[in-house]
Amino acid sequence: MAQNPPGDGRARPRPQARTRRALSLVTAGVLAAAGVVALAGNAQAVGALGDAAAAEGRYFGAAVAANHLGEAAYASTLDAQFDSVTPENEMKWDAVESSRNSFSFSAADRIVSHAQSKGMKVRGHTLVWHSQLPGWVSPLAATDLRSAMNNHITQVMTHYKGKIHSWDVVNEAFQDGGSGARRSSPFQDKLGNGFIEEAFRTARTVDTGAKLCYNDYDTDGQNAKSNAVYEMVKDFKQRGVPIDCVGFQSHFNSNSPVPSDFRANLQRFADLGVDVQITELDIEGSGSAQAANYTKVVDACLAVTRCTGITVWGVTDKYSWRSSGTPLLFDGDYGKKPAYDAVLAALGGSGGGGDGGGEGGGACTATYARTSAWNGGYNGQVTVRAGSSGITGWAVPVTVASPQKVSAVWNGTPTTAGEVMTVRHSWNGTLAAGASTTFGFTVQTNGGTSAPVVGACTAS
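Residue numbers restart at each chain and count upward from 1, following the sequence in its written direction. The model is predicted, so local features are restricted to residues of pLDDT at least 70 and side-chain atom pairs to those at 80 or more, both for listing and for counting; the totals for chains, interfaces and linings are taken over all residues. Hydrogens and water molecules were not included; the side-chain quantities draw on all heavy atoms of the structure.

Draft legend 1. Structural context of unusual backbone geometry. In this structure, the amide linkage connecting H125 to the following residue, T126, adopts the cis form with an omega of -5°. The helix and strand labels rest on DSSP assignments: H or I over at least four residues marks a helix, E over at least two residues marks a strand, and numbering proceeds from the N terminus. Mapped onto the secondary structure, T126 falls in strand β4 (residues 121-129). For the bond running from S402 to P403, omega is 15°, close enough to zero to count as cis. Looking at the secondary structure, you find P403 in the loop between β14 (394-399) and β15 (405-410). Backbone geometry at Q132 places phi at a positive 55°, although glycine is not the residue there. Summarising the element assignment, Q132 is placed in the loop between β4 and α7 (142-159). Positive phi outside glycine occurs at N446, with the angle close to 50°. Within the secondary structure, N446 sits in the loop between β18 (436-444) and β19 (453-454).

Set out below in structure tokens:
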């Protein structure tokens with residue numbers, strides 16, 4: 001990050017399943033079989049942002065602080081919305097190895113255990129960084145420092161082996177400004193440019209399954225700093241140094257807006273043969289302007305095939321390291337901001353999905369996400385949201401291509417004509433302005449692979 005915020009804080013959410021009422025049978029025999037068991041078993045894994053991203057082949061995560069998990073609203077928002085978490089500070093060197101070769105993982109373990117219990121992925125952050133080092137590291141001589149660095153990487157990655165989808169192996173190793181030079185740090189000053197390569201090679205020997213990332217800020221557009229990182233990654237790929245991904249922190253405000261070449265910059269890194277990840281996203285502002293900027297970022301990621309996921313740096317504005325700039329998707333009371341609706345629409349909105357603002361009274365939108373899948377079938381969920389005025393009923397067409405068949409629907413009443421199933425409200429037709437409800441369905445794929453097409457919502 002550009003500055004060292006208290007704890008370098010960054011986080012993420014995922015929605016709690018609502019009680020499923022008025023279950024409608026399309027095929028009674030199937031409902032009694034494994035499909036319905038799967039529905040109930042996956043109830044705790046439903047998530048709006050996470051599932052919408054998953055339907056696009058990506059994850060949507062948040063940075064998480066262990067000491068906030070005991071706050072009910074924090075945990076429930078996290079669980080309800082996100083499918084990946086990044087510990088804010090709990091995996092950093094000073095947190096896990098404050099004394100040499102004496103490791104404490106309790107706080108980080110709490111986050112990882114929580115994530116695993118909710119079916120979330122975990123990003124590891126971070127192994128080698130110039131900041132938040134315990135006092136014993138900097139005085140070490142070169143040989144001792146190399147040993148300590150490699151031991152730290154080995155011990156931490158071994159502890160979490162198999163539990164981390166991507167590691168920030170090295171963080172923020174380049175200077176700010178126009179020089180493109182390496183940042184002064186104990187590692188750079190004593191081990192030289194080769195410390196980054198050595199860290200990645202050590203990391204690969206420990207965990208061959210995790211993605212290994214370089215992570216930095218102010219590299220979102222093409223500039224001297226991003227060019228220097230680009231040349232390093234290009235060199236690593238040419239020489240077989242094991243780097244799998246590059247993280248773009250993406251902290252934006254009026255003085256550092258989303259760059260016009262953001263998408264092109266992500267693409268040029270992807271063209272080197274690495275994944276790109278948006279790792280610490282927050283955008284200061286409010287209302288429609290903030291929402292539009294979030295949309296730019298999400299659209300850029302979706303346009304780059306190797307952009308594998310987005311992490312916002314926090315669950316709620318009140319705990320953001322930039323809280324005065326209100327940069328996140330949830331306000332201090334965990335209310336969904338216009339930016340939230342914009343992100344959800346950009347990820348998976350169909351039928352003109354969005355937050356409803358600017359629509360005529362009585363309009364509605366429908367947003368689809370796949371919530372779970374297994375060999376031979378999957379569950380889909382559609383979120384119906386009222387526009388700027390309340391509605392008393394809704395209908396949404398869903399097209400499932402043959403040979404796939406819908407076997408069950410809940411929270412809605414279906415009628416079918418050919419491959420088009422129109423789902424109308426049951427108990428949940430009346431929605432206040434901006435309010436939402438969901439309906440879901442089970443599909444038996446029968447060898448088909450096409451995603452369902454969710455049409456425009458019609459309100460009454």
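Structure shown, so let's carry the discussion forward.
Draft legend 2. A look at helix α6 (residues 106-117). Under the convention used throughout, the expected extent of a helix is 1.5 Å for every residue step, that is, one less than its residue count. If you check α6, its first and last C-alpha atoms are 16 Å apart, about what 12 residues at 1.5 Å a residue would give, namely 16 Å. When a residue's accessible area, from a 1.4 Å probe over protein chains only, is under 20% of the maximum for its type it is buried; when over 50% it is exposed; and in between it is partly exposed. Inspection of α6 places A108, I111, V112, H114 and A115 among the buried residues, and these make up the whole buried set. Relative to the axis of α6, the buried residues are bounded by an arc of 160° and lie together on one face. Facing away from the buried side of α6, by more than 90 degrees, are the exposed residues S106 and S117. Pairs of residues are marked as contacts when any of their non-hydrogen atoms sit within 4.5 Å. Residues of α6 that are buried sit in contact with β2 (59-64), α4 (72-81), β3 (84-87) and β4. G119 occupies a position one or two residues after α6 and carries a positive phi of about 75°. By arc we mean the arc of the directions from the helix axis to the C-beta atoms, nothing more.

Draft legend 3. Inspection of the pattern of salt bridges at higher detail. Just to be clear on terms, a salt bridge is a Lys or Arg side-chain nitrogen sitting within 4 Å of an Asp or Glu carboxyl oxygen. With the rule as written, the count across this model stands at 18 salt bridges. Between D244 and R204 there is a salt bridge, and its shortest N-O distance comes to 2.7 Å. Taken together, the positions of D244 in the loop between α10 (224-239) and β7 (245-248) and R204 in helix α9 (residues 194-206) put the pair 40 residues apart, joining distant regions of the chain. In this structure D244 comes out as buried when scored by relative accessible area, which is 17%. Each of D176, R183, D216 and K225 takes part in a single network of salt bridges with overlapping partners.

Draft legend 4. Inspection of the nonpolar core at higher detail. Counting 97 residues, the largest nonpolar core has F60, W167, V170, F200 and L329 as the members making the most contacts within it. For our purposes a nonpolar core is just a set of buried Ala, Val, Leu, Ile, Met, Phe, Trp, Tyr and Cys residues, chained together by side-chain atoms within 4.5 Å. Listed in part, the 22 residues of the second largest apolar core include Y378, V384, V409 and F441.

Draft legend 5. Representation of the packing of aromatic side chains in the model. Stacked, edge-to-face and tilted are the three classes for Phe, Tyr and Trp ring pairs, Trp counted by its six-membered ring, which pair at centre distances within 6.5 Å; planes under 30 degrees apart are stacked, over 60 edge-to-face, the rest tilted. Tallied over the entire structure, the rule returns 15 aromatic pairs. Where W93 meets W136, the ring centres are 6.1 Å apart and the plane angle is 65°; that geometry is what we call edge-to-face. Here W93, found in helix α5 (residues 93-96), pairs with W136, found in the loop between β4 and α7; they are 43 residues apart in sequence, far enough to count as distant. The same class applies to W93 and to W136, which are both buried. Aromatic side chains F187 and F195 sit 5.8 Å apart centroid to centroid with 25° between the ring planes, which places their arrangement in the stacked category.

Draft legend 6. Seen up close, the environment of F60. With respect to the helices, strands and loops of the structure, F60 is situated in strand β2. On the basis of relative accessibility, which here comes to 0%, the residue F60 falls in the buried class. Distance in space between the C-alpha atoms of F60 and G50 is 4.9 Å, their sequence separation being 10 residues.

Draft legend 7. Looking closely at the pairing of strand β5 (residues 166-171). For β5, a buried count of 6 out of 6 residues is recorded, marking the element as mostly surrounded by other parts of the structure. By convention, a crossover is right-handed whenever its connection, traced from the first strand over the helix to the second and viewed with the strands pointing away, goes clockwise. One crossover worth recording links β4 to the parallel β5 by way of α7, and it is right-handed. Where β5 and strand β6 (residues 211-216) come together, 5 bridges link them in parallel fashion. Of the residues in β6, the one forming a bridge with S166 is K211. By the convention used here, strands pair only if DSSP detects at least 2 bridges between them.

Draft legend 8. Molecular detail of the state of the cysteines. Cysteine sulfur atoms that pair up within 2.5 Å are treated as a disulfide. Following the criterion strictly, the structure yields 3 disulfides and no others. Disulfide partner of C213: C245, at an S-S distance of 1.9 Å. One disulfide, between C213 and C245, carries an S-S torsion of -80° and so falls in the left-handed class. Here C213 is found in strand β6, whereas its partner C245 is found in strand β7, with 32 residues between them in sequence. The same class applies to C213 and to C245, which are both buried. A sulfur-sulfur separation of 2.0 Å characterises the disulfide bridge that pairs C364 with C457. The sign of the -100° torsion about the S-S bond sets the C364-C457 disulfide as left-handed. Residue C364 is located in strand β12 (residues 364-374), and its partner C457 is located in the loop between β19 and β20 (458-459); the two are separated by 93 residues in the primary sequence.

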